[in-house]
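# Coordinate analysis (summary)
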Amino acid sequence: MKALDRKLLRDLWHLRGQVLAIAAVIMGGVATMVMSLSTYDSLVTTRDRFYSEYRFAEVFASLKRAPEPVAERIAALPGVERMETRVRAGVKLEVQGFSDPVTGLLLSLPDVGEAQLNRLHLKRGRTVQPWSTDEVVLSDTFADAHHFQPGDTLAAIINGKYKQLTVVGVAVSPEYIYQIAPGSMFPDFKRYGVLWMGRHALAAAYDMEGAFNQVSLMLARDAHEQDVIDGVDAILADYGGTGAYGWRDQFSNRFLSEELKGLKTMATVFPAIFLGVAAFLLNVVLSRLIALQRDQIAILKAFGYSTLAIGAHYVKLVLLMTVLGVGAGLALGAWFGHGLSNVYTETTFRFPYLDYRVSPEIVLIAFAVASVAAVSGTLFSVIRAARLPPAEGMRPEMPVIYRTTLIERIGLQRWLSAPTRMILRHIERQPLKSLLTVLGIACACGLMMVGNYQKGAIDFMVDVQFRQAAREDLTLTFIEPTSGRALYELAALPGVDYVEGFRDVPVILRFEQYHYRGALFGIQPQGRLHRALDRSLHPVAVPPGGVVLTDYLATHILHVTPGDMLTVEVLEGSRPVRQVPVLGITQQYMGVSAYMQQDSLNTLMREGHAVTGAYLAVERGAETALYARLHDRPRVLGMVANAMAIKSFYATMGEFILFYNMVATLLAGAIGFGVVYNSARITLSERGHELSSLRVLGFTQGEIAYILLGELALLTLVAIPIGFLVGAGLVGILVLAYDSELYRLPMMLTPLNYTTGAALVVASAVLSGLLLWRHLGRLDLVAVLKTRE
């Protein structure tokens, strides 16, 4: 073994505490990246495989009713490779022992053979028997939420008639990975489910024998999607078609894609912040660590070693530290990533399997970033030390030039003890080292704030959405638009305090080359229950004659400003196309919306006072009885309780956020402790000779501990408020990067964020101080007595 390699192993053992602390910094950054990127890659890979294996359709269209021969015209369109029709209907369900309102979606299965598109992955049981009249297959989310097994029964109101259904299977469909009830913003597995039933039985219940009201298409390889969509719309226009759309706009896939887009942003921004800060801290720590060995570098040069050989030696040293940190980060990141992927698939996206993997690209990126950060700090210090003549390098660094400090110049030194004056002199006379220590500790504090930021942000978003904007207790949707007189009937029900009607219309909003497929909501101009909010979160009245758009829809999707004319293509009824002005932009953190006054929307549709649903304020304690009354009304299709929506959000999205928040906080804590401990150990190494000299002069161990740890405490106190600014800046970067159609993060930090960041730094400083106390008791006083200076 070469002499330098033996020195390398001895240095690693001698610096084992600092090596582990440096590895912790690298581990935290690498684990964050591996966890985020591997989760994203695995979910995308799983989605693509599931879509391919179970034939997720590429074009969808819904309509009122069309005879089966119309399907032959659709199948004959250029570019259509495969086509399948079916019957689709909303249904109200009754689950024994569960009093909350439950709705579902009924879809037909072929009576003969297997579905050609959107096939089911059976997890338990079997599919329905040919020509069965009461057998259904349940979506796994709904079945698991209520513990349904094959052979169990549940009741349903199908087209106004009560029917007992037998569960024969539990399945997952590529079409309903993300299941949301009409009028909801988040999945609620207990209160909404998808059911598959035989085509003959479902068609008979809804007078659809020989007819269909939904069609799915698979396109040929060289087909142009928009041409096929235009052809389908032309054929179905006479049959109440609501507009064909591609797979990108399919409801489940759209939400899935937006969530994956958000995860991708998180998988790049979060690790970039963590790895960027870790790289800076690593550079600072290693440059100071190598600078301590200037005498050893000078001795090696005196013995004939070249600068290149010395540089290679120290590069090996830091690469071994890097390998240790990257290895631990890969293992920890893969473990956390697998757990995060499982949380996603169990709470939000119900894939039947998970293809989890850590790609070689992620490993290479992690090692490259950590290595560049470590080696750059090493080479800078090695080159600087190697430029010194050996004789000068072997001598201790020249003491700094003595000058009075600011405290002494203004005459405050008489109020301070000698050890305190030493602390202040050392900080002021070595400003660069002090500044780097402060920045390192501040970055650790800022990382901790970023790590636990999301929980407070999500709580704020829920408060704005469900307590300030949507203040209703219950949202009803009707089977079809109905007269506004229905609101008076609802208001007369026991337990109902107040009712507001709304009208929503499926539309495509267009401006220049941009478009958005969604719904246009007609609400009361100054609603008490459902309100639009301005950027200061104050209620705003929706003006007549135009639309008001939420901020993300206006600026990021349609690129409009107030005063622009928007083209509104209505997708129901006579499908009118209107030009309406954009009259305002409102603030909304969850989802996107387009609003009009209800009367203006009724005028645009050229209809009377029609409503498609209602917002209800309900007396406390009257919910269960009211649900039962509304369940018996045939015009009511669905009910969404606000309190249940919040609970559902925290049960799905909240679990993922809490998991990610916990992991990010742990990793930020590891980085924070590594930085503070390394700063303290390097300071001890730099001042070991000085502190030993003070011991020889008669200072006690407590007094020199006060000098060393007092300096660390003072720099830590200065770093904490700077860390607050660093944390706010890093959160600002996260907010700017994390914009999606699903939700946007608010730029807000709670007192808990600041408290947690400061607590981490203080705890790390206290623990580092306790560890340093042991080293202070082992200072080499004899070596100081032998030194000739």
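Everything below is about the structure printed above this text.
The following refers to the structure shown. (Residues numbered from 1 in each chain as written. Predicted model: local features only at pLDDT ≥ 70, side-chain atom pairs only at ≥ 80, totals over all residues. Heavy atoms only, no water.)

## Concerning the packing of aromatic side chains
Summed over the entire model, instances satisfying the criterion amount to 14 aromatic pairs. Each ring, one from Phe251 and one from Phe255, has its centre 4.8 Å from the other, and the planes form 55°; the classification is tilted. Of the two residues, Phe251 and Phe255 are both situated in helix H7 (residues 251-291); the distance of four residues between them amounts to about one turn of the helix. On the basis of relative accessibility, which here comes to 42%, the residue Phe251 falls in the partly exposed class. Centroid distance Phe460 to Tyr589: 5.7 Å. Interplanar angle 65°. Geometry classified as edge-to-face. Here Phe460, found in helix H15 (residues 453-469), pairs with Tyr589, found in the loop between strand E19 (577-586) and strand E20 (594-597); they are 129 residues apart in sequence, far enough to count as distant. (Phe/Tyr/Trp six-rings, centres within 6.5 Å; stacked < 30°, edge-to-face > 60°. Helix = DSSP H or I, 4+ residues; strand = E, 2+ residues; numbered from the N terminus. Buried < 20%, exposed > 50% of the residue type's maximum accessible area, 1.4 Å probe, protein only.)

## Focus: the pairing of strand E6 (residues 135-139)
Of all five residues making up E6, five are buried, and the element is well covered by its neighbours. Two elements, E6 and strand E8 (residues 161-172), share five bridges in a ladder whose sense is parallel. Its bridge partner lying in E8, Val136 is registered against Val167. Bridge count for E6 against strand E9 (residues 192-198) is three bridges, and the pairing is antiparallel. Opposite Leu138, over in E9, you have Leu195 as the bridge partner. (Pairing = 2+ DSSP bridges.)

## Here we look at unusual backbone geometry
The phi torsion at Arg55 lies on the positive side, around 55°, for a residue other than glycine. Relative to the helices and strands, Arg55 resides in the loop between helix H2 (16-53) and strand E1 (59-67).

## Considering the environment of Leu320
With respect to the helices and strands, Leu320 occurs in helix H9 (residues 307-347). With 153 residues separating them in the primary sequence, Leu320 and Val167 have C-alpha atoms 59 Å apart. Not counting residues up to four positions away in its chain, the partners in contact with Leu320 are Leu8 and Leu12. (Contact = heavy atoms within 4.5 Å.)

## Observations concerning the pattern of salt bridges
Evaluation of the coordinates by the stated rule reveals 17 salt bridges. Across the pair Arg199 and Glu68 runs a salt bridge, and its minimum N-O distance is 3.1 Å. Highlighted residues: Arg199 in helix H5 (residues 199-205) and Glu68 in the loop between E1 and helix H3 (69-75), separated in sequence by 131 residues. Residue classification places Glu68 among the partly exposed positions, given a relative accessible area of 27%. With a closest N to O distance of 3.1 Å, Asp144 and Arg124 form a salt bridge. Within this pair, whereas Asp144 is found in helix H4 (residues 140-146), its partner Arg124 is found in strand E5 (residues 121-125), the two being separated by 20 residues in sequence. Taking the relative accessible area as the measure of exposure, Arg124 reaches 23% and is therefore partly exposed. By sharing partners, the salt bridges in this structure join Arg49, Glu53 and Asp355 into a single network. (Salt bridge = Lys/Arg side-chain N within 4 Å of Asp/Glu carboxyl O.)

## Some points on the pairing of E19
As defined by bridge partners, strand E17 (residues 547-550) adjoins E19 across four bridges and the pair is classed as parallel. If you follow Leu549 over to E19, its bridge partner there is Ile585. As defined by bridge partners, strand E18 (residues 565-570) adjoins E19 across five bridges and the pair is classed as antiparallel. Following the sheet pairing, Thr567 is matched in E19 by Gln579. Here E18 folds back onto E19 in antiparallel fashion, the turn holding six residues, of which Gly573 has a positive phi close to 65°.

## Examining the sheet that holds strand E11 (residues 245-246)
The four strands are arranged E2-E10-E1-E11 in an open sheet whose pairing can be described as antiparallel. Unpaired on one side and paired on the other, strand E2 (80-86) and E11 mark the two borders of the sheet. Of the pairings in the sheet, the one linking E1 to strand E10 (residues 211-219) comprises six bridges and is antiparallel in character. Its bridge partner being in E10, Ala61 is matched across the sheet by Val215.

## With respect to the packing of helix H8 (residues 294-302) against H9
Contact geometry for H8 and H9: axes closest at 10 Å, N-to-C directions at 140°. One finds that H8 runs oblique with respect to H9. At the point where H8 passes H9, the crossing takes the right-handed sense. Taken together, the residues of H9 that come into contact with H8 (itself represented by Gln296, Ile297, Leu300 and Lys301) are Thr307, Ile310 and Tyr314. Counted by class, the contact of H8 with H9 contains four nonpolar, two polar and one charged residues. (Axes fitted to C-alpha atoms, helices over the stretch in contact; angles between N-to-C directions. Parallel < 35°, antiparallel > 145°, perpendicular 65-115°, else oblique. Left-handed = near helix turned anticlockwise from the far one by under 90°. Nonpolar A, V, L, I, M, F, W, Y, C, P; charged D, E, K, R; others polar.)

## Examining empty space enclosed by the protein
Under the definition given, this model contains eight cavities of 30 Å³ or more. Approximately 130 Å³ is the volume found for the largest cavity. Every residue lining the largest cavity is counted, 15 residues in all, and those nearest its centre are Ser184, Phe186, Asp188, Arg191 and Val640. For the lining of the largest cavity, the elements supplying multiple residues, two or more each, are strand E22 (636-641) and helix H20 (642-696). (1 Å grid on protein atoms, 1.4 Å probe; cavity = no way out; pocket = protein on both sides within 12 Å on 5 of 7 lines; lining within 4 Å. Points joined across faces, edges and corners; volume = space filled by probe spheres on them.)

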